[in-house]
Amino acid sequence: QVQLVESGGGLVQAGGSLRLSCAVSGIIFRINDMGWYRQAPGKQRELVATIATGGSTGYADSVKGRFTISRDNAKSTVYLHMNSLKPEDTAVYYCHTNGLTASFWGQGTQVTVSS
């Protein structure tokens, strides 16, 4: 059974930092590309950052230079380091990966940035 479990969300003031973690089980983590998405109230879920098996990364323009995605294959965990947070970063953040025949999501972790 594939499980993605996010943690690390919370309430932070604008300009602050948070680190999200996503612990993955039930798949061979090292051969899976991973991604972080977010969904703000009333908006569609959007891609935030991706990291490939080889370590190459990609970011949404809105978070470039502020967020960093990383992975620890030994711990089957992907991270999202968020700096210089803005109120518009407020959302539920989801971890994601694709299996051979299915797409897998975590339950989400709430990030709230106060102004």
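One structure accompanies this document, and this report is about it. Numbers given for residues are sequential positions, taken from 1 along each chain in its written order. In keeping with the predicted nature of the model, local features appear solely for residues at pLDDT of at least 70, side-chain atom pairs appear and are counted solely at 80 or more, and the whole-chain, interface and lining totals rest on all residues. With hydrogens and water stripped out, all remaining heavy atoms of the structure feed into the side-chain values.

Moving on to unusual backbone geometry. Backbone geometry at S76 places phi at a positive 50°, although glycine is not the residue there. Elements are defined by DSSP. Helices are runs of H or I of four residues or more, strands are runs of E of two residues or more, and each kind is numbered from the N terminus. Within the element layout of this structure, S76 appears in the loop between β7 (67-72) and β8 (77-82). One non-glycine residue with positive phi stands out, namely S84, at about 50°. Relative to the helices and strands, S84 is located in the loop between β8 and β9 (91-98). Categorising residues by exposure relies on relative accessible area from a 1.4 Å probe, with only protein chains included: less than 20% of the type maximum marks a residue as buried, more than 50% marks it as exposed, and the intermediate range marks it as partly exposed. For S84, a relative accessible area of 43% translates into the label partly exposed.

Another point: the environment of T77. Checked against the element boundaries, T77 lands in strand β8. Contacts were defined at the residue level, with two residues in contact if any of their heavy atoms lie within 4.5 Å. Apart from the residues within four sequence positions on either side, T77 is in contact with S21, C22, A23, F29, S70, R71 and D72. Polar contact is the term for a pair of N or O atoms within 3.5 Å; when the atoms are in protein, one must be able to donate a hydrogen and the other to accept it, and sequence-neighboring residues count only if both atoms are side-chain atoms. Looking at T77, its side chain comes within polar contact range of the main-chain oxygen of K75, at 2.8 Å.

On to the sheet that holds β8. Spatially, β1-β3-β8-β7 is the arrangement adopted by the four strands of the open sheet, whose pairing is antiparallel. For this open sheet the edge positions go to β1 (3-7) and β7, each flanked by a neighbour on one side alone. Looking at each pair of strands side by side, their axes are set apart by 15° on average, direction ignored. Pairing between strands requires that DSSP locate at least two bridges from one strand to the other. Relative to β8, strand β3 (residues 18-25) runs antiparallel, the two sharing six bridges. Angles shown run from 0 to 180 degrees and are taken between the N-to-C directions of axes, each axis being a line fitted to C-alpha atoms and, for helices, limited to the stretch in contact.

Core analysis: the largest hydrophobic core is formed by 26 residues, its most contacted members being W36, V78, L80, M82 and Y93. Looking at which element gives the most residues to this core, the answer is β3, with four residues. If sequence neighbours within four positions are ignored, M82 has contacts with G16, S17, L18, L20, R66, F67, Y93 and V111. As used here, the term nonpolar core means buried Ala, Val, Leu, Ile, Met, Phe, Trp, Tyr and Cys residues forming a set that is joined through side-chain atoms within 4.5 Å.

Our next topic: the pattern of salt bridges. When a carboxyl oxygen of Asp or Glu lies within 4 Å of a side-chain nitrogen of Lys or Arg, that pair is called a salt bridge. Under the definition given, this model contains four salt bridges. Its salt-bridge partner being R38, residue E46 comes within 2.6 Å of it at the nearest N-O pair. Residue classification places R38 among the buried positions, given a relative accessible area of 5%. The salt bridge involving R66 is made with D89; its shortest N-O contact spans 2.8 Å.

Nothing here speaks to function; it is geometry throughout.
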